[in-house]
Amino acid sequence: MTSRSITVLGATGSIGASTLDLIRRHRDEWRVVALTAHSSAAELAALAREFQAEIAVVSDEAALPALREALAGTTIEAAAGAAAQIEAAARGADVTVAAIVGCAGLAPTMAAIEQGGVIALANKEALVSAGDVMTAAVARYGATLLPVDSEHNAIFQCLQGNDIAHVHAITLTASGGPFRDWSLEQLEKATPAEAVKHPNWSMGAKISVDSATMMNKGLEFIEAYHLFPVGVERLRIIVHPQSIVHSMVEYRDGSTLAQLGPSDMRVPIASALAWPARMDTPCAPLDLAAIGQLTFRAPDETRFPATRLARAAVIEGGAVPAVMNAANEIAVAAFLNSQIGFTRIVQSVENVLSLGLAPAPTCLEDVIAIDAEARIRARELMEPVR
Ligand code: NDP
Ligand code: MG
């Protein structure tokens, strides 16, 4: 088999680790171009050595000396900073896994899109913020955007061989997160440690908090809007605590196709890496008899208003989703730093959204400016200490 080249943006994270675990198991089929991280220089260097990457990049320039030292004696290039990260992504690879967390991943992801390869997208915040700017670039440069997010990967699989014009509805499933059954009073007191303990998935801290607030599902709603053009009125959300059915597509004839699988991101990542073929994963197949029951219920937007905000944001369009995302990133960081309480996260997003709006972005620079401005506003609105 001829080998394919791969770049992993955010190689030291949870999605990065799952991706590289698959590559490790199919080592002779892949050649690693670039691996990036923010500041985890030692971890990044170890991965770059193991996978014989061409280049390793840390976005935090302060981490460059440590990266250089850890790569001493190898031919692997070491670089740092935002521009170096973009340059590494712009080297192009057959597959680029976009697995940086937050809107920080947007510029390198766009640089990879401009090379026209396959973009395996985990970094939902980038698509939420850039929206049409990203999908237009995908079309312009002939890139192939494959969703890694488990719900969107499920939907993508359920759409294969069908005409999207016959879709009646797309339903995103949501585990409901660790606080699914908590009362509002309990939610007020939820701690960062409790929020990052997801019942079904092991993930980075930011997305774990997003799952707890249901903002993750809000971001995914907007992500689905851009990936699958069926119109916002055909997008639904349902709570499914077992995280076995990863999402569903209902067709006009009453057929509903669903994708099921273990709660292990290696399954959707493998689907994107091998598409349109399939590859082996170490994941055990589902034992439905042992699982016994799959249950579903409507989301509760009183306790978890984030999905309501996201639906409104996508309907309003323009700069609103980017502002929502930026405000959420700031609020989640403040919560993780114990500066604000759990229920303040989504409240503060709503406060930033009520401030009025920037004009709709038409290019990457516009999106980055909107994101930066919204972060400033979000910080200003945040009470110093609770
Ligand atoms: P992690 O926090 O585990 O990893 C984030 C990665 O991005 C790390 O490599 C980190 O480097 C790097 N990074 C962090 N900040 C920056 C920055 N400012 N500039 C450049 N690189 C940065 O996140 P996850 O792997 O959990 O999530 C990654 C993305 O995938 C998110 O968008 C998330 O929503 C999405 N996703 C994740 C899922 C999961 O199961 N984890 C499921 C579906 C989607 P360093 O180690 O140096 O900090
Ligand atoms: Mg998801």
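Use the structure listed above.
A brief structural summary. (Residues numbered from 1 in each chain as written. Chains lettered and ligands numbered in written order. Predicted model: local features only at pLDDT ≥ 70, side-chain atom pairs only at ≥ 80, totals over all residues. Heavy atoms only, no water.)

## A look at the sheet that holds strand E8 (residues 167-174)
In plain terms, the rule: Any two strands with at least two DSSP bridges between them are considered paired. Each helix is a run of DSSP H or I of at least 4 residues and each strand a run of E of at least 2, with the numbering of both proceeding from the N terminus. Each axis is a line fitted through C-alpha atoms, taken for helices only over the stretch in contact, and angles between the N-to-C directions span 0 to 180 degrees.
Here four strands make up an open sheet; going across it, the order is E9-E8-E10-E11 and the pairing mixed. Edge positions in the sheet fall to strand E9 (235-239) and strand E11 (256-260), since each of these pairs with one other strand and no more. Each strand axis lies, on average, 20° off the axis of its neighbour in the sheet, ignoring direction. As judged from the five bridges shared by E8 and strand E10 (residues 245-251), these two strands associate in the antiparallel manner. Bridge assignment links Leu-172 to a residue of E10, and that residue is Ser-247.

## What about the packing of aromatic side chains?
Worth spelling out the cut-off: Any Phe, Tyr or Trp ring, taking Trp's six-membered ring, that has another such ring centre within 6.5 Å forms a pair; planes under 30 degrees apart are called stacked, those over 60 apart edge-to-face, and the others tilted. Think of it in three bands: with a 1.4 Å probe and only protein chains considered, a residue is buried below 20% of the maximum accessible area for its type, exposed above 50%, and partly exposed in between. Criterion for a charge above a ring: Arg CZ or Lys NZ at most 6 Å from the ring centre, at most 35 degrees from the ring normal.
As enumerated under the stated definition, the model contains four aromatic pairs in all. Ring geometry for Phe-179 and Trp-182: centres 4.2 Å apart, planes at 35°, overall tilted. With a relative accessible area of 1%, Phe-179 lands in the buried category. With centroids separated by 4.9 Å and ring planes inclined at 85°, the aromatic side chains of Phe-179 and Phe-342 adopt a geometry described as edge-to-face. Here Phe-179 is found in the loop between E8 and helix H9 (184-188), whereas its partner Phe-342 is found in helix H17 (residues 342-353), with 163 residues between them in sequence. The two residues Phe-179 and Phe-342 agree in class, both being buried. Cluster of aromatic residues (ring-pair linked, three or more members): Phe-179, Trp-182, Phe-335 and Phe-342. Over the ring of Phe-221 we find Arg-311; its NZ or CZ atom is 5.6 Å from the centre of that ring.

## A word on the state of the cysteines
Selection rule: Cysteine sulfur atoms are paired as a disulfide whenever they fall within 2.5 Å.
Counting across every chain of the model gives zero disulfides. A disulfide-free cysteine, Cys-103 has its sulfur positioned 13 Å from the sulfur of Cys-363, the nearest such atom. Of all cysteine sulfurs, the one in Cys-283 lies closest to Cys-158, which takes part in no disulfide; the gap is 18 Å.

## Regarding the sheet that holds strand E6 (residues 118-121)
Taken in spatial order, the seven strands of this open sheet run E4-E3-E2-E1-E5-E6-E7, and their pairing is parallel. Both edges of this open sheet fall to strand E4 (77-80) and strand E7 (144-147), since each of them pairs with a single strand only. Ignoring strand direction, the axes of neighbouring strands in this sheet form an average angle of 20°. Strand direction decides the pairing type here: strand E1 (residues 4-9) and strand E5 (residues 95-98), joined by four bridges, are parallel. Directly across from Ile-6, in E5, lies its bridge partner Val-95.

## Considering the site of ligand 1
Applied cut-off: The nearness test applies per residue and asks whether one of its heavy atoms lies within 4 Å of the molecule or strand. Think of a polar contact as two N or O atoms within 3.5 Å of one another; within protein, one of them needs to be a possible hydrogen donor and the other a possible acceptor, and neighboring residues in sequence only count if both atoms come from side chains. All accessible areas in this document rest on Shrake-Rupley with a 1.4 Å probe, and a residue is counted as covered only by the protein chains that are shown. All amino acids are sorted into three groups, where Ala, Val, Leu, Ile, Met, Phe, Trp, Tyr, Cys and Pro are nonpolar, Asp, Glu, Lys and Arg are charged, and the leftover types, Gly among them, are polar.
Residues in contact with ligand 1 amount to 25 residues; listed here are only the nearest, Thr-12, Ser-14, Ser-39, Ser-40 and Glu-125. Residue His-38 places a main-chain N or O atom 2.9 Å away from an oxygen atom belonging to ligand 1. The contact in question runs from an oxygen atom of ligand 1 to an N or O atom on the backbone of Gly-204, over 2.9 Å. In isolation ligand 1 has 890 Å² of accessible area, and contact with the protein removes 86% of it. When the residues that make up the shell around ligand 1 are grouped by side-chain class, the tally is eleven nonpolar, eleven polar and three charged.

## Digging into unusual backbone geometry
Across the chain, the bulk of peptide bonds are trans and the bulk of non-glycine residues have phi less than zero. For the peptide bond that leads from Trp-275 to Pro-276, omega is 5°, which places it in the cis range. Residue placement: Pro-276 occurs in the loop between helix H13 (266-274) and helix H14 (288-291). Backbone geometry places Met-214, a non-glycine residue, at a positive phi of 75°. Its place among the elements puts Met-214 in the loop between helix H11 (205-213) and helix H12 (215-227).

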